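Fold and contact review
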Amino acid sequence: MISEALNKKFDELISHYPLKRSAIVPMLLFAQDEIGYVSEEVIQEIARRVEVRPIEVEEDIGYYAMLHREPIGKYNFQVCTNISCMLRGADEIFEHCSKKLGIGHRQISADGRFSLEEVECLGACCGGPAMQVNYDYYENLTPAKIDALIARLRGKG
Amino acid sequence: MPDYQNPMGNSPLEVKVISRRIGIPNSTSLDVYLQNDGYKGLQKALSMKPDDVCTEVKNSGLRGRGGAGFNTGMKWSFVPKQSPKPKFVVCNADESEPGTCKDRPLIEYDPHQLIEGIVIAGWAIQAHQGYIYIRGEYRYLMEILDHALAEARARGYLGKNILGSGFDFELHTHTGAGAYECGEETALLNSLEGLRGYPRVKPPFPAVVGLYGGPTVINNVETLSNVPHIVLNGADWYAKLGTPKNGGTRLFCLSGQINKPGVYELPMGFPLRRMIDEVGGGLPGGRKLKAVIPGGSSCPVLAADEVDVPMDFDSLAKIGSMLGSGGVVIIDDQTCMVKVARCIARFYANESCGWCIPCREGTNWMRGLLERFHGGGAVPEDPDELLDIALNMLGKTLCPLGDAAAMPTISLVKKFRNEFEEHLKLGYCPYEKKAVSVA
């Protein structure tokens, strides 16, 4: 079921463009934020709303790195390992996250709470090493900061 | 709860134009913006002829801050006056060039400055609709922008009959969803039309055939943020802040192995060596400078003996590099340059959209060679092989991503060939045992 809030968001997004299909990627991302991933139902609904074939929606999903067809962790750790962060120890930060969470790149913890990804530059170069957990930025990371964050998120459930 | 600080640095050497409101409490609110000269540029622009606004911006010497460095007013002037199809202004807020983090604070702390610049651009080219294409990872910035847009709309700075002028302009944000390629302007247009972000063949250029086939101006966040100041204070004032043909100031993002990393607003043409030593406070722990990436990871790397250069578009082009997007990455003498090359190659291989074969194959080939180099399995032909692949990518792709992968690789192999040879001789990385972390 597409929620009432999401339906309204879809209406609003489509109204921004002279061509409905322009709203596909924003619709997919907002749907994913609510549901946790892009479901078959979402693809069908977006295709119907913007008047394209479902395969055209799937083409976009295959292209954009933030969109996924399967659920990921409730807290998705996205560690930047690009140049500015790498120079300040990002590889060690990624290793530390991997060890603490017990998962590797693009893996999900057994309880479904955490997932881990090595990602490209997040635009946090002056605060490197940096990561995003979902949409939240964490910068000037140290192993101790990561330990504290994981403990806090584990406590939150 | 996120955990990060305002990235803006603080140096007495700064000249603050577009960053001058950052740090004022509630700087995102419309009222605070209005108390600090907000929307005065728009008011003035609407009293001028659109062509005169174009000319003013052209004469200011403002050049594209996204990386290409094309004269902004000139770009606007290519838009045809009469067009059967609607015209558009698109703001490129897809900031993703590694080493670049300047558009983020501009939006976070001064969203109205950007909105004002976009509306002025709309007036100058007589467009009535605009979009801010913002990378998906910058969701919180999109929320800040959406709030500012609603405020501006409610108070008559956006929408119908702006400030009683009879001019209508509507503006919306549009989120991407993770694709470096979409920072390239024609890929961005495809993405905005709901397609995969593949580049388009140029010509026709977007100024003539752009979004939905209509004439379209695409400018970076920093570029558009400068526009209200130019209109308000004049082209001469702006031009004199910089060097000839390189008007104004520039946000430089100092990152990597530097004591005071941060985003600094400095006059165009500011000497790179002083930027490192005086603005950034030098390198940590008495380490020595080995190299600098002057404008994001797409730029050819400068060796330590090349940093006596003014930071403007023409001076860097003269020594074979680029000012790019303002991402100045400092690399110290304990860093393995083969590892730097591998990091850069991994990025472009990952982000190549696959549309052009030289880029799709070349980036992956370079990545493979650099993985084996750093891992100790290289053969003596590999440095020349890397150069050969890179040279066969240059200029052979629709968009600059292929060049962006080739150029830094060529510079790294040529300028630091001794390190590649050392890996070959030893069969392992001589730096690997040493800690790289300075955090």
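Structure shown above.
Residues numbered from 1 in each chain as written. Chains lettered and ligands numbered in written order. Predicted model: local features only at pLDDT ≥ 70, side-chain atom pairs only at ≥ 80, totals over all residues. Heavy atoms only, no water.

This brings us to the packing of aromatic side chains. Evaluation of the coordinates by the stated rule reveals 21 aromatic pairs over all chains. Note on A:Tyr63 and A:Tyr64: the rings are 4.7 Å apart at their centroids and 75° apart in plane angle, and the pair reads as edge-to-face. Considered together, A:Tyr63 and A:Tyr64 belong to a single accessibility category, that of buried residues. An aromatic cluster of three or more residues is present, and its members are A:Tyr17, B:Phe88, B:Tyr131 and B:Tyr212. A:Lys9 extends its terminal NZ or CZ atom over the ring of A:Phe30, reaching a point 4.4 Å from the ring centre. In this arrangement the basic side chain of B:Arg135 is found over the ring face of B:Tyr138, its NZ or CZ atom lying 5.4 Å from the centre. (Phe/Tyr/Trp six-rings, centres within 6.5 Å; stacked < 30°, edge-to-face > 60°. Buried < 20%, exposed > 50% of the residue type's maximum accessible area, 1.4 Å probe, protein only. Lys NZ or Arg CZ within 6 Å of the ring centre and 35° of its normal.)

Residue and element names in this part refer to chain B. Residues Trp 76 and Phe 169 are the most contacted members of the largest nonpolar core, which totals 114 residues. With residues up to four places along the chain from it excluded, the contact list for Phe 169 reads Val 89, Ile 118, Val 119, Gly 122, Ala 127, His 128, Gln 129, Gly 130, Leu 158, Gly 159 and Ile 162. Listed in part, the 43 residues of the second largest apolar core include Val 338, Leu 370, Ala 378 and Leu 401. (Core = buried A, V, L, I, M, F, W, Y, C linked by side-chain atoms within 4.5 Å. Contact = heavy atoms within 4.5 Å.)

Moving on, we get to helix 8 (residues 185-192) of chain B. All names here are of chain B. Across the eight residues that make up helix 8, a large majority, eight, are buried. Three or more residues of helix 8 are buried, namely Glu 185, Thr 186, Ala 187, Leu 188, Leu 189, Asn 190, Ser 191 and Leu 192. Where helix 8 is buried, its residues contact helix 4 (72-77), strand 1 (88-93), strand 2 (129-134), strand 3 (170-175) and strand 4 (216-220). With its phi angle positive at about 85°, Gly 194 sits one or two positions after the end of helix 8. (Helix = DSSP H or I, 4+ residues; strand = E, 2+ residues; numbered from the N terminus.)

With that settled, the discussion passes to the environment of B:Glu151. Residue and element names in this part refer to chain B. Among the secondary structure elements, Glu 151 is positioned in helix 7 (residues 139-154). Note: C-alpha distance between Glu 151 and Gly 427 (276 residues apart in sequence) is 61 Å. When neighbours within four sequence positions are excluded, Glu 151 is seen to be in contact with Thr 28, Ser 29, Leu 30 and His 112. In this structure the side chain of Glu 151 is engaged in a polar contact, spanning 3.0 Å, whose partner is the side chain of His 112. (Polar contact = N/O pair within 3.5 Å; in protein donor to acceptor, adjacent residues only side chain to side chain.)

Looking now at the state of the cysteines. If you walk through the whole model with that rule in mind, you get zero disulfides over all chains. Between A:Cys126, a free cysteine, and B:Cys101, which holds the nearest cysteine sulfur, the sulfur-to-sulfur gap is 3.4 Å. Left without a disulfide partner, B:Cys253 is nearest to the cysteine sulfur of B:Cys101, which lies 4.2 Å away. (Disulfide = S-S within 2.5 Å.)

Bringing the side chain of B:Thr223 into the picture now. Residue and element names in this part refer to chain B. Tracing the sequence through the fold places Thr 223 in helix 9 (residues 221-233). Since its relative accessible area comes to 0%, Thr 223 is described here as buried. Those residues in contact with Thr 223, other than ones at most four positions away along the chain, are Leu 62, Gly 64, Arg 65, Gly 66 and Thr 72.

With an omega of -10°, the peptide bond running from B:Lys202 to B:Pro203 counts as cis. Topologically, B:Pro203 is positioned in the loop between helix 8 and strand 4. Of note, the bond from B:Pro203 into B:Pro204 is cis; its omega dihedral lies within 30 degrees of zero at 0°. At A:Asn140, a residue that is not glycine, the phi angle is positive and equals roughly 50°. Turning to its location among the elements, A:Asn140 is positioned in the loop between strand 5 (136-138) and helix 7 (143-156). Residue class for A:Asn140 comes out partly exposed when judged on its relative accessible area of 32%.

Okay, the pairing of strand 6 (residues 262-267) of chain B next. On a regular strand, one side chain projects to one face of the sheet and the next to the other, so that they alternate. Residues and elements named next belong to chain B. Among the six residues of strand 6, six are classified as buried, and the element is accordingly described as predominantly covered. Pairing of strand 5 (residues 249-256) with strand 6 involves six bridges; the strand directions are antiparallel. Looking at strand 6, one finds that Thr 249 is bridged to Pro 267. Between the antiparallel neighbours strand 5 and strand 6 lie five residues. (Pairing = 2+ DSSP bridges.)

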